[in-house]
Amino acid sequence: LLLSGDELCLFDVDAATILGSAVVSELKRCCWSQEGSRLAVVTKSGVMLLDETMKVLAEVAEKVRVKDALWEKSGVLLYNTMNQLKYLLPSGESGIVRSLEDPVYLACTRGTTLFAFSRENALVKLQIDPTEYLFKMALEQKHYREAIRVIRSSKVDSQAIIGYLERNGFEE
């Protein structure tokens, strides 16, 4: 990846060619998904998801500064602001996972535990409920059995699920 002004370029070193580019303002950080097919771009006030050709898949703007981001093993991007942990799916669907008492820097997730570092460099373990984003990601990937498994193994309001499914074209 090369940054020139407000343009982020994917450069093939062997072929000496630019494979793709995207306009990015106030770049803070980039991180590739585990399989290398998506790139998360963290800016001062937002997050972008790009594919391997640098095409924008999803973008979200925040009113407060974005602190950090990490890829969860299911392919969901988790990111945080000063006081909230949020998720962003490749479809552009986003939401709040939980509130944060203090700013943290994300390290990794293991099940329902998010590991992060405080400003004092202390390891912090935060409990999260991944049900909402795992359910939505399973639907997005058309993994319907997984979506049903996620719902059955959690304590989610059935009316909220039915409403979400109806709003997103899953009548059945």
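Note: the structure precedes this text.
*Asks:* Just checking my understanding: could you explain the packing of helix 1 (residues 131–140) against helix 2 (residues 144–152) for this structure?
*Replies:* Packed helix pairs are specified by the crossing angle of their axes together with the interaxial distance, meaning the distance between the axes. Following both chains from N to C, one finds helix 1 and helix 2 inclined at 160°, their axes separated by 7 Å at the closest point. Between helix 1 and helix 2, the interaxial angle falls into the category roughly antiparallel. Where helix 1 crosses over helix 2, the two elements pack in a sense that is left-handed. When helix 1 is examined against helix 2, the residues Thr131, Leu134, Phe135, Ala138 and Leu139 are found in contact with a partner set consisting of Tyr144, Glu146, Ala147, Val150 and Ile151. Of the residues contributing to the contact of helix 1 with helix 2, the split by class is 8 nonpolar, 1 polar and 1 charged.

*Asks:* Would you mind going over the sheet that holds strand 14 (residues 123–127) with me for this structure?
*Replies:* The strands making up a sheet associate through backbone hydrogen bonding, with each pair oriented either parallel or antiparallel. Spatially, 3 strands are ordered 12-13-14 in an open sheet, and the strand pairing comes out antiparallel. Looking at which strands have only one partner, the edges of the open sheet turn out to be strand 12 (105–110) and strand 14. Neighbour-to-neighbour, the strand axes of this sheet turn through a mean angle of 25°, independent of strand direction.

*Asks:* In this structure, what is going on with the pattern of salt bridges? I would like to understand it.
*Replies:* A side chain of one charge can pair with a side chain of the opposite charge when the charged atoms of the two come close. A complete count under the given rule lists 5 salt bridges for this structure. Measuring nitrogen to oxygen at the nearest pair gives 2.7 Å for the salt bridge that ties Lys86 to Glu62. One end of the pair, Lys86, is in strand 10 (residues 84–88); the other, Glu62, is in the loop between strand 7 (56–61) and strand 8 (66–71), and 24 residues separate them in sequence. Of the two residues, Lys86 and Glu62, both sit in the buried class. For Glu146, the salt bridge goes to Arg149, with nearest N and O atoms at 2.7 Å. Residue Glu146 and its partner Arg149 are both found in helix 2; the two are separated by 3 residues, about one turn of the helix. Assessed through its relative accessible area of 44%, Arg149 is described here as partly exposed. Residues joined in a network through salt bridges with shared partners are Glu93, Glu132 and Lys136.

*Asks:* When you look at the environment of Gly92 in this model, what are you seeing that I'm missing?
*Replies:* Positionally, Gly92 belongs in the loop between strand 10 and strand 11 (94–99). For Gly92, a relative accessible area of 34% corresponds to the partly exposed category. Each C-alpha atom of the pair Gly92 and Ala58 lies 4.6 Å from the other, and the pair is 34 residues apart in sequence.

*Asks:* Could you clarify how one ought to interpret the nonpolar core in this entry?
*Replies:* One broad trend across soluble globular proteins is that nonpolar side chains are buried collectively. Membership of the largest hydrophobic core comes to 16 residues, with the highest contact counts inside it found for Leu78 and Leu85. Breaking this core down by element, the ones donating at least two residues are strand 10, strand 13 (113–117) and helix 1. In this structure, Leu78 is in contact with Asp68, Ala69, Leu70, Glu72, Leu85, Lys86, Tyr87, Val97, Leu106, Thr109 and Tyr133, ignoring residues within four places of it in sequence. Listed in part, the 13 residues of the second largest apolar core include Cys31, Ala58, Val66 and Ala69.

The rules behind each value
- Residues numbered from 1 in each chain as written.
- Predicted model: local features only at pLDDT ≥ 70, side-chain atom pairs only at ≥ 80, totals over all residues.
- Heavy atoms only, no water.
- Axes fitted to C-alpha atoms, helices over the stretch in contact; angles between N-to-C directions.
- Helix = DSSP H or I, 4+ residues; strand = E, 2+ residues; numbered from the N terminus.
- Parallel < 35°, antiparallel > 145°, perpendicular 65-115°, else oblique.
- Left-handed = near helix turned anticlockwise from the far one by under 90°.
- Contact = heavy atoms within 4.5 Å.
- Nonpolar A, V, L, I, M, F, W, Y, C, P; charged D, E, K, R; others polar.
- Pairing = 2+ DSSP bridges.
- Salt bridge = Lys/Arg side-chain N within 4 Å of Asp/Glu carboxyl O.
- Buried < 20%, exposed > 50% of the residue type's maximum accessible area, 1.4 Å probe, protein only.
- Core = buried A, V, L, I, M, F, W, Y, C linked by side-chain atoms within 4.5 Å.

Purely spatial values, then, with no claim about function.
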